[in-house]
Amino acid sequence: MADDFTERYGDLLAGSYDCVDRVVLNAFFPIGHNPGGFRSWWRRLHGGSDDQLDDTHLMRMAGRFARRVKAWAAANGVPVIFCTAGERKHLIAEQYLEENSVSPGVFLILVARAPASVWKVHRSARGVITRLEKKREHVYHYSFHIMDPVFGHLVIKMSGHPPFGAQVILNGHEYVAVAAQGEGIGFTKEGNCFTEIADPQRLARVADAWPRDAAIGRLGQVCDRWIYSACLCFGLDLDEQERSGFRYGYSVYQAEYSRNLLFKSGAQMEDLFDRILDRTRSRLDIPAIRTLFGLKTRPHRTRKAGPPAQEIVLEKPRYGLSWFRISFGRLQLKAYTKGEHVLRFEATVHNAKELRCRRSLDNFDQIIDRLAEMADRFAAALDCADIGFLPDGVLDELPLPAQAGARRIAGIDLNKPRIRAALAAALALAPAPGGFTAAEHAARVRQITGHDGYTIRQAAYDLRKLRGKQLVDKPGRTRRYHVPPPAARTISALLTLRDHVIAPILAGVRSPRMGRKPRIWTAADRDYETLRIGMQTLFQHVGIETQPAAA
C-alpha cells in the first residue's frame, strides 16, 4: 500500500513491504474461567465427583506440572532456565539459537514467576463446597520455545495452575522468511527485518497474504499443533484432555504491523529521517526523540548489484538509531531506522480491546486491516506535517466568517495565541487512529500552552471554527474529529509560516549585527542570517525604521 510518504521519496527506495510483526494470542479454556464451568470440568476429569476439589489437590496439579517438565527436559536434553525479575527472556532465547542448532519442537524452557488467575475452594465445616473464588497470584509460568517448520520460532507461555491459561507469541517475519525460502526469494534478514531482498515485490505479496492465511485457520492450526502435545500434556495427559473435554479458545491480545521502506543508500536514509524528525517533532508534539549511538556506521555507498545471499545473519550489527513514538491509550505509533537501509513505520495495539472490534482468531484479518490503516495514516500524517502547502487565497479567507452546518461561525485569526494553540493541537492529534474528541483536543491544548483554563466548551467552539474552514472534519453523527491530509498540510504550513518564518525574521531585523556565531550552525541558521541581512536592506528601501532590541 502506497502512502504519501512512500510516494514522495519513492526514487530513493529499492523496495518496500508491509508485514505483521509480533502477535500475542490469549489461549483460554472458556468454561474454566467461571465457578460453575470449572466445577463441571473437574467432575468430568474425576469421574463425576468433586470430593477432591480443594486447594491441596489444585496445588498438587501445579507441582505435578513442574515435576513432569523437569523430568522430560532432563530426558531429552532440553535446558530449563529459571529467570529472575527483569531478565529479557527473548535475549536468552536469541543467544541460545545463535550458539546451538535446533530441530523442530521444544528446544528451550524458561521459567519465571508472573501474575495468573488461580482458583481457591471454600468449604463449610461439613466439607460442602460453598464457593469458588478466583484470585490473582504470582505463580510459575513456563515459556516453551518451539521451532515450527512453518512459523519458525514461537513461544507458548503457560501457567502451571489449572485452568492452565496460556499465551502464544509469534512473529510474522518468521513466517514470511520460511515462505520466502520456499519460493526461492533471496533475502538477508537481521532480527525481525529483511534488510536486503532480491525480489521485493514477490516478498511483499507473500507478506500481504499471511494475515488472510492466518484468518482461515493456519494460525489456529499451529497453536493446536503444539499447545496440547508439547505444553498442556505436562498438566493433563492426552487421555485426561480427551476425557474432560479440555479445549482452548484463542483471542488476539497484542499485535504489531509495520511498513518497511528499503532505501538504496543508508546514508541518504539517515539524513532524510533526521531532517524529518527535526521538522516534525514540534508540529506533532512528540514528547521525546531518542537517539541510541551504535558501534557501526552506515555504508555511504550502495553495495554491488546482484541478489543478496539467502541466509539469516547471525551477527548483531548496531547503528546509530533515532526513533520516536506517539501513544494514544493502548495504541502506539512508532517510526525508527532498522539495520543499514530500512526505515520502519510501526502500529501496535497493546490490548486489542482498544480497537473496538471482535478479538477472536476468526477476526484476525480485520484486526490487521485496522493496524494497516493506522500505519498508513501515520505515514501520511508524518508527511503532511513535514511538507506543508498553502492554497491560493487561504490567508485572505481565514479571517472571514464561515458556515458550519446551519450556523454562521467566526473566522480564524492567526494573531491570537489561542487559535494557534488550537491549530497546533489539531495537527498533533492528526495521527490519532480513530480521530479525537473535543476533550482530547482540550487536554492537548492545555499541554501545549501550559494553562489549565482552556475548557472542553472552548475546544468545541474552536473546532467548529476549524470545521468551517475545512481544516477539521467530523463525519456523520460521530463525536470524533479527523484532520484530512490536505488540511494537515495547510495547518502545518500556517504554523510554520507564523512561528518559523515571520516571527524569527521580525525578531532578527531589530539587531543589525548577529554577534558571535553559535557553535552549532545549521542550514536553517544560515538561511535566517541571509534573510535578516536582506530584510535590513529592504526596510531601508521601503522606509521602515527598525528599533534596536531592549537591553
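Note that the coordinates shown come from a computational prediction; the quantities given were computed from them, not determined experimentally.

### Details of the overall build of the protein chain
The secondary structure content of the protein chain amounts to 15 helices and 16 strands. A separation of at least 24 residues holds for 68% of the contacts in the protein chain among residues at least 6 apart in sequence. When the accessible surface of the protein chain is summed, it comes to about 28,100 Å², and 50% of that surface belongs to carbon and sulfur atoms.

### Some words on the confidence of the model for the protein chain
Here the protein chain shows a mean pLDDT of 84. Residues at 70 or above account for 89%. In this model residues 291-318 is a low-confidence stretch, pLDDT under 50, and it forms 64 contacts with partners more than four residues away in sequence or in other chains.

### Notes on the pattern of salt bridges
A complete count under the given rule lists 17 salt bridges for this structure. Residue R8 pairs with D383 through a salt bridge whose shortest N-O separation is 2.7 Å. Linking R8 in helix α1 (residues 4-8) with D383 in helix α9 (residues 364-386), this pair joins segments that are 375 residues apart in sequence. We classify R8 as partly exposed; its relative accessible area is 36%.

### Re the nonpolar core
Judged by nonpolar contacts, the single largest core of 140 residues is most densely connected at F144, M158 and Y248. Not counting residues within four places of it along the chain, the set of residues in contact with M158 comprises F65, Y140, H141, Y142, F144, F164, G165, A166, I227, C231, L232 and Y248. Core analysis: the next-biggest nonpolar cluster, separate from the first, contains eight residues, C83, A93, F107 and A112 among them.

### Topic: the pairing of strand β9 (residues 249-263)
With 14 of 15 residues buried, β9 is to be regarded as a mostly interior element. Across 13 bridges, the pairing between strand β1 (residues 13-28) and β9 is antiparallel. Within the sheet, the bridge partner assigned to L25 lies in β9 and is V252. Where β9 and strand β14 (residues 342-349) come together, eight bridges link them in antiparallel fashion. Of the residues in β14, the one forming a bridge with A255 is V349.

### Focus: the packing of aromatic side chains
Using the criterion set out here, one finds 23 aromatic pairs in the structure. For the pair F144 and F234, a centre-to-centre distance of 5.7 Å together with 5 degrees between the ring planes defines the contact as stacked. Of the two residues, F144 is situated in strand β4 (residues 129-148) and F234 in the loop between α6 (200-231) and α7 (238-244); the sequence distance between them amounts to 90 residues. Of the two residues, F144 and F234, neither departs from the other in class, the shared state being buried. Against the face of Y140 rests R113, its NZ or CZ located 5.1 Å from the ring centre. Over the face of the ring belonging to Y336 we find K334, whose NZ or CZ atom lies 5.0 Å from the ring centre.

### A look at the environment of S229
As for its position among the elements, S229 is in helix α6. Among the polar contacts made by the side chain of S229, one reaches the main-chain carbonyl oxygen of R225 at a distance of 3.1 Å.

### Re the side chain of N171
Relative to the elements of secondary structure, N171 occurs in strand β6 (residues 166-171). For N171, the side chain forms a polar contact with the main-chain nitrogen of H173, separated by 2.8 Å. When near neighbours in sequence (up to four residues on either side) are disregarded, N171 contacts V20, D21, R22 and N192.

### A look at helix α2 (residues 35-45)
Every buried residue belonging to α2 is among G37, F38, W41, W42 and L45, and all of these are buried. For α2, the angular spread of buried residues about the axis comes to 135 degrees, placing them on one side. Packing partners of the buried residues in α2 comprise α3 (55-76), β3 (105-123), β4 and α7. Of the residues one or two after α2, G47 is the one with positive phi, at around 70 degrees.

### Quick look at the pairing of strand β8 (residues 194-197)
In this sheet, β8 lies alongside strand β7 (residues 187-189) in antiparallel orientation, the contact comprising three bridges. Each bridged residue has a counterpart across the sheet, and for K189 the counterpart in β8 is F194. Taking the residues that link successive antiparallel strands as the turn, the β7-β8 hairpin has four residues, and the phi of G191 there is positive, at about 65 degrees.

### Description of unusual backbone geometry
A cis geometry characterises the amide bond from P162 onward to P163, with omega recorded as 15 degrees. Take P163: it is sitting in the loop between β5 (152-159) and β6. In this structure, F164 takes a positive phi of about 55 degrees despite not being glycine. The backbone of Q470 shows a phi angle near 60 degrees, a positive value even though the residue is not glycine. With respect to the helices and strands, Q470 occurs in the loop between α13 (456-468) and α14 (485-508). Exposure remark for Q470: the relative accessible area of 58% places this residue in the exposed category.

The rules behind these values
Counting from 1, residues in each chain are numbered in the order their sequence is written. Two thresholds apply to this predicted model, a pLDDT of at least 70 for residue-level local features and 80 or more for giving and counting side-chain atom pairs, whereas whole-chain, interface and lining totals are computed over all residues. No hydrogens and no water enter the side-chain calculation; it runs on all heavy atoms of the structure. In DSSP terms, a helix is any run of H or I states spanning at least four residues, a strand is any run of E spanning at least two, and both are numbered starting from the N terminus. Only heavy atoms enter the contact rule, under which two residues are in contact if any of them lie within 4.5 Å. Using the Shrake-Rupley algorithm and a 1.4 Å probe, accessible areas are obtained, with residue cover drawn only from the displayed protein chains. Per residue, pLDDT captures the predictor's confidence, and it can take any value from 0 to 100. The term salt bridge refers to a side-chain nitrogen of Lys or Arg lying within 4 Å of a carboxyl oxygen of Asp or Glu. Here the term buried applies to any residue with accessible area under 20% of the maximum for its type, exposed to any over 50%, and partly exposed to those in between, with areas from a 1.4 Å probe on protein chains only. Residues belong to one nonpolar core when they are buried, are Ala, Val, Leu, Ile, Met, Phe, Trp, Tyr or Cys, and are joined through side-chain atoms within 4.5 Å. Strand pairing is assigned whenever DSSP detects at least two bridges linking the two strands. Pairing of aromatic rings covers Phe, Tyr and the six-membered ring of Trp, with a centre-to-centre limit of 6.5 Å; geometry is then stacked below 30 degrees between planes, edge-to-face above 60, and tilted otherwise. Two conditions define a charge located above a ring, namely a distance within 6 Å from the ring centre to NZ of Lys or CZ of Arg, and an angle within 35 degrees of the ring normal. Within 3.5 Å is the distance limit for a polar contact, defined as a pair of N or O atoms, with the added protein rule that one can donate a hydrogen and the other accept it, and that residues adjacent in sequence qualify only through two side-chain atoms. As used here, the arc belongs to the directions running from the helix axis to the C-beta atoms.

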